[in-house]
Amino acid sequence: MFLTSLALTLTLANCPANAHCLEDENLLAVSTSAERAELILSAMQTAEARFADVFKRMPGLTAVVEDSSEFPGFTSALDEAGYIVKPWVSPEAMRAQLEAQVRPAVEAQMAGSPQAVIDATIEAALTGRVENNEKVRHAEAIIAHELGHMWVKDLYEWPQVDTGDARAYGAAAAPDWFDETAAVLMESEALTQSRRSSLCETASDDLPGQFERYFSMEHPLLQLTSLAADRAAAAAAAAGESSDGPRIMVMSGDTLAAQGADMIGTLQFYGLTRALIDYLVIQTGSEAVFDELAQALASGQSFDDWLATGEHGLPESRQALIETLTAGVTSDCAA
């Protein structure tokens, strides 16, 4: 505790002049706005209590730094001081980034229109996109979600895995579905209800097949990034250009399907995760199952190995679990 307190004292003493830094024990929230720093710290406190309750482990030094580009070198200093650092984007910065992308296209499309009309069109588009963004609408819950990813990676001894292409989502050797489980467990009740509703809206007749893919697939965001990168490189090669540097690729669902992508989207992936959480809690009667499962997976067991032990009276095979899980989701959605 002395070392932790000392680290925090030194950090706050070096808080950038244009920043608001708030701390509580191991937690540090940083923003250009005092109000935003308070919101972030509150989200971190809620997430810390929730993580400790579910996984029986107290997170170490953690910082959430909003609009970190405003504080050059500060995140590196925090990292060197032993913090795990999560950069965050404020609604204002998100809006500015979107405007930089949207304005040139709108002005080109509306060339000749009065500037006031162009500005009003851009304003309406930006307001809708920012206000409807999940990171804005459910800011505290999404901050907690991201901390769940970081803490489950940090607080268990996951084996190191060479992924070949260096792509990984979340916790080292943890399956993507379990890494997402730790994050979704941190979410608010409002977002939890949204996850359940979303799954019912997107569930197909092949729900068992979706769950089968869910337990073996990589996270949809990784899959999308990989496909986009491949297409960007191919487009650059066809144009005789270098594939280095950032490129923006807009890819439709049909395009992804044609490329062989598993069409379980990100929101559906979250919904399936929420369904698994609900099922395991109901079947075992306790959230302690997630710490047990994390320990088993971190020790090198597969999910199938863990189920085969017959712990908590759960089905002893993944196929049997998927059958009962599917039946439960179908029943809940019908209700």
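Higher on the page you've got the structure.
In this text the structure is predicted, and so the values were computed from the model without any measurement.

A few points about the state of the cysteines
Logical step 1: The final tally for this structure, using the stated rule, is two disulfides.
Logical step 2: Disulfide partner of Cys15: Cys21, at an S-S distance of 2.0 Å. Between Cys15 and Cys21 the sulfur-sulfur dihedral comes to about 85°; the bridge is accordingly right-handed. Summarising the burial analysis for this pair, Cys15 and Cys21 share the class buried.
Logical step 3: Two residues, Cys200 and Cys333, share a disulfide whose sulfurs are 2.1 Å apart. Every disulfide takes its handedness from the sign of the S-S torsion; for Cys200 and Cys333 that torsion is -85°, giving left-handed. Note that Cys200 is positioned in helix H9 (residues 189–202) and Cys333 in helix H16 (residues 318–334), a separation of 133 residues in sequence.
Logical step 4: Exposure remark for Cys200: the relative accessible area of 35% places this residue in the partly exposed category.
Logical step 5: With its disulfide-bonded cysteines labelled consecutively along the sequence, the chain is connected as 1-2, 3-4.

A look at the nonpolar core
Logical step 1: Phe55, Trp177, Phe178 and Phe211 are the most contacted members of the largest nonpolar core, which totals 62 residues.
Logical step 2: Once residues within four sequence positions are removed from consideration, Phe211 is found in contact with Leu272, Ala275, Ile322, Leu325, Thr326 and Val329.
Logical step 3: In this structure, Ala19, Leu28, Leu78 and Tyr83 belong to the second largest nonpolar core, which totals twelve residues.

Some thoughts on unusual backbone geometry
Logical step 1: With a phi angle near 55°, Asp67 is a residue other than glycine that sits in the positive phi range.
Logical step 2: For Asp67, the position within the fold is in the loop between strand S3 (62–66) and helix H3 (74–80).
Logical step 3: Within the chain, His312 stands out as a residue other than glycine whose phi angle is a positive 65°.
Logical step 4: Mapped onto the fold, His312 is located in the loop between helix H15 (303–308) and H16.
Logical step 5: Among the residues examined, His312 registers a relative accessible area of 34% and is labelled partly exposed.

Focus: the sheet that holds strand S4 (residues 84–88)
Logical step 1: Judged by pairing direction, the sheet is mixed, and its four strands sit side by side in the order S1-S2-S3-S4 without closing on themselves. The two strands at the open ends of the sheet, each matched to only one other strand, are strand S1 (20–24) and S4. In this sheet, adjacent strand axes meet at a mean angle of 15° when their direction is disregarded.
Logical step 2: Here strand S2 (residues 27–31) pairs with S3 via four bridges, running parallel. By the bridge assignment, Leu27 is partnered in S3 with Thr62.

A word on the packing of helix H7 (residues 139–154) against helix H8 (residues 176–184)
Helix-helix packing is described using two parameters, namely the angle between the two axes and the distance between the axes.
Logical step 1: Look at H7 against H8: their axes get within 7 Å of each other, and the N-to-C directions meet at 130°. If you check the angle between H7 and H8, you find them oblique. Remark: the crossing between H7 and H8 carries right-handed chirality. Listed contacts from H8 to His145, Gly148, His149 and Val152 of H7 are Phe178, Asp179, Glu180, Ala182, Ala183 and Val184.
Logical step 2: A breakdown of the residues in the contact of H7 with H8 according to their chemical character gives five nonpolar, three polar and two charged.

Brief notes about the pairing of S2
Logical step 1: Taking burial as the measure, the five residues of S2 include five buried ones, the bulk of the element.
Logical step 2: As defined by bridge partners, S1 adjoins S2 across five bridges and the pair is classed as antiparallel. What sits directly across from Cys21, in S2, is Val30.
Logical step 3: Between the antiparallel neighbours S1 and S2 lie two residues, among them Glu25 with a positive phi of about 55°.

Some details on helix H2 (residues 34–55)
Logical step 1: End to end, H2 covers 31 Å across 22 residues, agreeing with the expected 32 Å (1.5 Å per residue, within 8%).
Logical step 2: Those residues of H2 that sit buried are Arg36, Ala37, Ile40, Leu41, Ala43, Met44, Ala47, Glu48, Phe51, Val54 and Phe55. With its buried residues spanning 160° around the axis, H2 presents them on a single face. Turned more than 90 degrees away from the buried face of H2, the exposed residues are Glu35, Glu38 and Thr46.
Logical step 3: Backbone nitrogen of Glu35 and a side-chain oxygen of the N-cap are separated by 3.2 Å at the start of H2; the cap is Ser33.

Parameters and conventions
Residues numbered from 1 in each chain as written. Predicted model: local features only at pLDDT ≥ 70, side-chain atom pairs only at ≥ 80, totals over all residues. Heavy atoms only, no water. Disulfide = S-S within 2.5 Å. Buried < 20%, exposed > 50% of the residue type's maximum accessible area, 1.4 Å probe, protein only. Helix = DSSP H or I, 4+ residues; strand = E, 2+ residues; numbered from the N terminus. Core = buried A, V, L, I, M, F, W, Y, C linked by side-chain atoms within 4.5 Å. Contact = heavy atoms within 4.5 Å. Pairing = 2+ DSSP bridges. Axes fitted to C-alpha atoms, helices over the stretch in contact; angles between N-to-C directions. Parallel < 35°, antiparallel > 145°, perpendicular 65-115°, else oblique. Left-handed = near helix turned anticlockwise from the far one by under 90°. Nonpolar A, V, L, I, M, F, W, Y, C, P; charged D, E, K, R; others polar. Expected span 1.5 Å × (residues − 1). Arc of directions from axis to C-beta. Polar contact = N/O pair within 3.5 Å; in protein donor to acceptor, adjacent residues only side chain to side chain.

Remember, this is a structural readout, not a statement about activity or role.
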